[in-house]
Amino acid sequence: MRRAVGPLLAVTVALVLADSAVVTLALPDILQELDATVGQVAWVLISFNLVLGLCAVPTAMGLVRVPPRIFAAVGIAVFAGASAWCAVAGSIDMLITARCVQAVGGALALVGCLELMVADWGERRGVAAWVTAGVVGTAAGPVAGGLLTEAFSWEAIFVVQVPFAALAVPAALAVRAVPDLTPDRHRPAVRPNLTLALLSAALTAALFLLVLLLVEGWSRSPATAALTVSVVPVAALASSPLARLLRPSPEVEAAVGCFLVAGGLVGLGLLPSSHLLWTVAPQALVGLGLGLTVDRLTAQALDLRLPRARHAGWTIGARHLGVVVGLAILTPVFTSDLRDAEVPAQEAITSLVIDAPLKPEDKIELVEALGDELSQQQGQVPDLHRAFGTLDLDTAEERAAAAELERALDSQLERAANRAFRDSFLIGGGLALVALLVVVAPRRRRSA
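Residues numbered from 1 in each chain as written. Predicted model: local features only at pLDDT ≥ 70, side-chain atom pairs only at ≥ 80, totals over all residues. Heavy atoms only, no water.

This model, assessed by the stated rule, comprises six cavities of 30 Å³ or more. Estimates place the volume of the largest cavity at around 200 Å³. What lines the largest cavity is a set of 16 residues, and nearest its centre among them are Ser20, Thr138, Ser200, Leu207 and Val323. Listed by contribution, the elements that provide at least two residues to the lining of the largest cavity are α9 (190–217), α13 (280–302) and α14 (308–340). For the lining of the largest cavity, the element with the highest residue contribution is α9, accounting for five residues. (1 Å grid on protein atoms, 1.4 Å probe; cavity = no way out; pocket = protein on both sides within 12 Å on 5 of 7 lines; lining within 4 Å. Points joined across faces, edges and corners; volume = space filled by probe spheres on them. Helix = DSSP H or I, 4+ residues; strand = E, 2+ residues; numbered from the N terminus.)

Moving on: the pattern of salt bridges. Enumeration according to the criterion identifies three salt bridges in this entry. The residue Arg296 makes a salt bridge to Glu253 at a minimum N-O spacing of 3.4 Å. A residue pair is termed long-range when its members are at least 10 positions apart, and Arg296 in helix α13 and Glu253 in helix α12 (residues 250–269) qualify at 43 residues. For Glu253, a relative accessible area of 9% gives the class buried. One salt bridge connects Arg422 with Asp423, and the closest N-O pair in it is separated by 3.7 Å. (Salt bridge = Lys/Arg side-chain N within 4 Å of Asp/Glu carboxyl O. Buried < 20%, exposed > 50% of the residue type's maximum accessible area, 1.4 Å probe, protein only.)

In this model, helix α8 (residues 161–173) (13 residues) spans 19 Å end to end at C-alpha, consistent with the 18 Å of a helix rising 1.5 Å per residue. Those residues of α8 lying buried are Gln161, Ala165, Ala168, Val169, Ala171 and Ala172. (Expected span 1.5 Å × (residues − 1).)

Structural data, given as structure tokens:
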């Protein structure tokens, strides 16, 4: 059991931070099964990040007077219980409430696990493991959520977290660590935390909007989308050995990471087609930038600052409030662009149907069915397959013509989706460039 303590705590950290985006690919299923609105479903994502961001610093301050093992064990237990509650939630309001409780437990678990991992592994290794677990969890969250949703259901996302968290409770209790009573002589590290917040806002485009583009815009399955976005965590893991090989200074490493994230997001905004391979290189840039920046900036924010947990709370708060800001900025832009793309897309669909080699009566029937689908699916990229299912075609030539028309319409909708998501990706790239400016801005000299 003793050897498993550190890894179980690291897995807990990864699970908590993965939950910031783990439900992304499950949102369409949640929307349908819980009979919710798009706005309500968005709060499944927003509520967790908002509560975690707001609770991180207050909970870290409370750790000063409480044994870390008790603090962490309570937090992990609350997180596990709330995860089970999420899995059995029968309404969208209940799910959002459970997500808020899950975030409170997650905040307690994160700051408590940091102290326990340092006590178990030592200062340098413990902090490094805590940071790395967070990076992996953040990047891998959408991948895990998509695979579980496709293989089982959205509820499985929360079910699988319960046994891991349950095992981590006795692991936390097994570590003997005392509260850090060192007076707080250091202000929060403003520059690293501000950069983390801006990058987190930018990364929302890659970790949230990209999977929506793949599933809703390009009609890929959650499993296909999950495998596609796995490029990001793989590239993030590859960044550490690359940094060790090149040995850049901390400032250069963070600056290069911000630039790579910006370049990757701009690349996603300028995709030439909807072929999945076009997303690989931009995602690789985002993943490398994620691995180089979050790790380095978190280490800078914690460097020689005590109490350690309190300054860790500032980094957690900065990251997750940055996610909320990113969602607040990018979601209205993408939904507005999606509405703006509806009229030209409908005109192109009408033109394609008129030119199709089908009987006039079949065209009329198809136009009516397409109109029904477009009106029912306003505000999202429509799925027109059901409209074609209503056709009763007599000959193989007509069926082939209808299939060709459906492919042409899908292609047209994919191009419309690319245009609708383009501005949001480019804004995300702009946020990453602002983060770059914060990193490279001249430091103010202290007066003698």
